[in-house]
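# Structural overview
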Amino acid sequence: MASPISIRGVSRRFGETVALRTVDLEVAAGEFIALVGPSGCGKTTLLRIVADLVDPSTGEVRIGNATAAEARRQRLLGLVSQRPAVLPWKRAIDDVRFTQKIAGKVGFDPAKVLREFGLEGHENKRARQLSGGMLQRVNIASAMAHDPAVLLMDEPFAALDEMKREEIGEWFDRELAVRPKTVLFVTHHIDEAVMLADRLLVFSPSPGRVLEVVSVPVPRPRDASFRQDPRFVAIAGHVRSLLMHRTVDAA
Amino acid sequence: MRDAALSWSLRVATPILSVLGLWYLAIFFSGLPAFVIPRPERVLDVLWVDRAFIFEHLLATLEVAGFGFLWANIAGIGLAVLFDLLPPTRHMLMPAAITLRNVPYIALISVLMLAFGDSILSKTTIVALSGFFPVLVNTLQGLRSADEVQLDRMRILNASWWQTFSQVRLPYAIPSIVAAQEITGSGAIIVAIAAEWMISSTGLGYVINNAMQNYRGDKVYAVALLATALSFLIYSLVHWLGRRLDWRAGDPRR
């Protein structure tokens with residue numbers, strides 16, 4: 001299950017500070033959108049507005065036919081943070097069940113999904129007994145355990161090393177093919193964004209505004225060979241130059 | 001195995017031997033009379049001979065300390081939960097709690113004595129008043145120490161206040177609450193004895209007072225020894241219980 005997202009005239013200021021200038025975006029059901037930009041550009045703020053954790057100063061977000069607040073109350077949203085939100089005193093499998101219990105929805109069989117996530121034999125371990133990559137997989141499993149229509153991900157792989165990051169990215173792409181979700185994915189890692197996303201929202205430095213929406217017209221899931229594809233190189237290069245010029249201009 | 005047993009007996013024996021050694025040194029070098037500083041064997045003898053009398057008063061002290069401790073926790077944890085549930089109450093009640101905390105206990109004991117006389121109520125109230133503040137402050141701080149990403153997770157799942165409180169905030173607060181128990185638990189004994197010393201005709205505090213008036217230093221020491229052991233025992237018990245409740249126990253990163 002996946003829902004379209006409509007972001008209309010959304011902006012946010014904190015007191016005098018403009019955190020995010022007006023953003024308009026229509027996201028199709030099942031689409032993967034990467035929000036790319038330097039630190040402090042407002043990409044996390046936009047994610048938190050869609051999550052109904054922050055109110056927009058102007059505009060509104062609609063998820064399917066619901067407002068962001070209604071979508072949250074209907075448990076249509078899943079949130080994956082950079083720091084895993086796995087409860088330190090719970091075993092991996094109990095943490096996945098915990099989401100289902102709180103949401104009152106059983107999206108899938110926790111044991112089965114942990115197996116599919118490559119965590120067979122680790123179901124009964126606690127957070128501190130798992131490696132960073134495994135812990136992030138448990139975190140994603142828990143975030144998806146109630147089968148949300150929308151996944152909101154805030155630099156989920158940033159704490160992992162480069163190898164792990166690529167590996168988990170490809171794995172996640174394949175997972176989404178099995179369980180389609182509409183995804184908003186915050187990252188400052190350009191290659192990761194091009195590898196995973198259907199479209200990239202490229203942000204300028206603060207106060208954040210969208211410089212360009214870049215499409216990656218290659219079907220998902222994509223395998224590692226896409227990194228050598230001339231289209232990958234061209235798109236990543238274009239995004240890099242967008243961000244570089246902006247950073248230089250700002251400086 | 002033998003090494004473990006040996007090191008354990010050393011750990012127990014060393015402090016006892018050093019205390020006894022210092023005690024004898026003090027007797028020989030201070031030149032103070034025996035009613036001021038009696039010999040250890042004399043003190044143990046008193047503890048044994050007067051055991052029925054002392055035990056009776058020990059029970060009275062334990063009653064005061066136990067109920068006071070209980071009320072300190074009910075008030076401390078209860079207020080912290082109330083402040084968390086209804087933040088405005090914090091601004092209303094916290095100044096009163098801080099004021100109460102800073103009034104000299106002797107003044108409070110006097111007022112309570114006037115109000116309730118020498119009763120379990122007045123003594124229990126003093127123990128509760130002296131103990132609730134560390135519980136309140138630690139519980140509040142513990143409830144706020146919950147990881148922000150966990151709280152976001154609960155919000156995104158539209159969890160109720162009670163679910164967030166019982167499943168996330170309270171478990172995060174437990175180490176802080178336990179730390180407060182170590183202060184309040186052993187403090188309860190000390191404060192109970194002090195209150196009894198001032199206003200009571202029962203309890204270990206009364207026994208000390210009574211012994212002093214009869215120049216029975218040995219009896220004072222006997223009670224002091226007992227009270228210290230008791231306070232230490234309670235501290236150890238709370239500490240042991242706390243480690244069993246603490247989800248961080250055994251975490252190598254601690």
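Residues numbered from 1 in each chain as written. Chains lettered and ligands numbered in written order. Predicted model: local features only at pLDDT ≥ 70, side-chain atom pairs only at ≥ 80, totals over all residues.

The subject of this paragraph is the overall build of chain B. Broken down by element type, chain B carries 10 helices and zero strands. Projecting the C-alpha coordinates of chain B onto the three principal axes gives extents of approximately 70 × 60 × 30 Å. For chain B, with 254 residues in total, the buried portion stands at 33%. Taking contacts inside chain B between residues at least 6 apart in sequence as the whole, the part at least 24 apart equals 74%. (Helix = DSSP H or I, 4+ residues; strand = E, 2+ residues; numbered from the N terminus. Buried ≥ 20, exposed ≤ 12 C-beta atoms within 10 Å, placed from the backbone. Contact = placed C-beta atoms within 7 Å.)

Here we come to the overall build of chain A. Along the backbone of chain A there are eight helices and 10 strands. For 251 residues, the compact-globule estimate of 2.2 N^0.38 gives 18 Å, and chain A sits close to it at 18 Å. The principal-axis extent of the C-alpha atoms belonging to chain A is close to 50 × 40 × 30 Å. Each of the 251 residues in chain A was classed as buried or not, and the buried ones make up 47%. (Rg over C-alpha atoms; globule rule 2.2 N^0.38 Å.)

Moving on: the pairing of strand E4 (residues 58–63) of chain A. Residue and element names in this part refer to chain A. The pairing of strand E1 (residues 5–14) with E4 spans five bridges and is classified as antiparallel. Residue pairing for E4: isoleucine 5 is matched across the bridge by isoleucine 63. By the bridge criterion, two bridges tie E4 to strand E5 (residues 66–67) in an arrangement that is antiparallel. Across the sheet, arginine 62 pairs through a bridge with threonine 67, a residue of E5. Between E4 and E5, which pair antiparallel and follow one another directly, the connecting turn spans two residues, one of which, glycine 64, has a positive phi of 60°. (Pairing = 2+ DSSP bridges.)

A word on the environment of tryptophan 89 of chain A. Within the fold, tryptophan 89 of chain A resides in the loop between strand E6 (77–80) and helix H3 (92–103). Put simply, tryptophan 89 of chain A and arginine 126 of chain A are 37 residues apart on the chain and 6.6 Å apart in space, counted from C-alpha to C-alpha. Each residue touching tryptophan 89 of chain A, except ones within four places of it in the same chain, is listed here: Pro171 and Trp247 of chain B.

Moving on: the sheet that holds E5 of chain A. Residue and element names in this part refer to chain A. Spatial strand order, E2-E1-E4-E5: four strands in an open sheet with antiparallel pairing. On the outer flanks of this sheet lie strand E2 (17–27) and E5, each paired with one strand and no other. Bridge count between E1 and E2: seven bridges; the pairing is antiparallel. Residue pairing across strands places phenylalanine 14 opposite threonine 17, the latter belonging to E2.

With 17 residues of chain A in contact, the opposing surface of chain B contributes 15 residues. Elements with a contribution of two residues or more to the side of chain A that touches chain B: helix H2 (68–73), E6 and H3 of chain A. The element best represented in the side of chain A that touches chain B is H3 of chain A, accounting for three residues. Residues of the side of chain A that touches chain B, tallied by class, amount to 10 nonpolar, two polar and five charged. (Nonpolar A, V, L, I, M, F, W, Y, C, P; charged D, E, K, R; others polar.)

Membership of the largest hydrophobic core comes to 131 residues, with the highest contact counts inside it found for Leu35 and Phe185 of chain A together with Val127 of chain B. Sorting elements by how many residues they give to this core places helix H8 (residues 161–199) of chain B first, with 13 residues. Here leucine 35 of chain A is in contact with Lys43, Leu46, Leu47, Leu184, Phe185, Val186, Leu201 and Phe203 of chain A, once residues within four sequence places are set aside. (Core = buried A, V, L, I, M, F, W, Y, C linked by C-beta atoms within 7 Å.)

Here we come to the packing of helix H7 (residues 148–156) of chain B against H8 of chain B. Residue and element names in this part refer to chain B. Taken N-terminus to C-terminus, the directions of H7 and H8 make an angle of 150°; their axes are 11 Å apart at the nearest point. The interaxial crossing formed by H7 with H8 has right-handed handedness. Judged by residue contacts, Gln150, Leu151 and Met154 of H7 engage Gln163, Thr164 and Val168 from H8. Within the contact of H7 with H8, the residues separate by chemical class into three nonpolar, three polar and no charged. (Axes fitted to C-alpha atoms, helices over the stretch in contact; angles between N-to-C directions. Left-handed = near helix turned anticlockwise from the far one by under 90°.)

A few words now on the sheet that holds strand E7 (residues 150–154) of chain A. Residue and element names in this part refer to chain A. If you trace the six strands from one edge of the open sheet to the other, you get E6-E7-E8-E3-E9-E10, paired in mixed fashion. For this open sheet the edge positions go to E6 and strand E10 (210–215), each flanked by a neighbour on one side alone. On average, each strand axis in the sheet is tilted by 15° relative to the strand beside it, whichever way the strands run. In the sheet, strand E3 (residues 32–36) pairs with strand E9 (residues 199–203) via four bridges, with the strands oriented parallel. If you follow alanine 34 over to E9, its bridge partner there is leucine 200. Contacting E3, E7, strand E8 (182–187) and E9, helix H1 (residues 43–50) runs over the sheet at an angle of about 150° to E8.

A few words on helix H10 (residues 217–245) of chain B. Residues and elements named next belong to chain B. Counted at 1.5 Å a residue, the expected span for H10 with its 29 residues is 42 Å, and the 42 Å between its end C-alpha atoms agrees. Among the residues of H10, Gly217, Asp218, Lys219, Val220, Tyr221, Ala222, Val223, Ala227, Ile234 and Val238 are the ones counted as buried. Against helix H2 (40–49), helix H3 (51–85), H8 and helix H9 (203–213) lie the buried residues of H10. (Expected span 1.5 Å × (residues − 1).)

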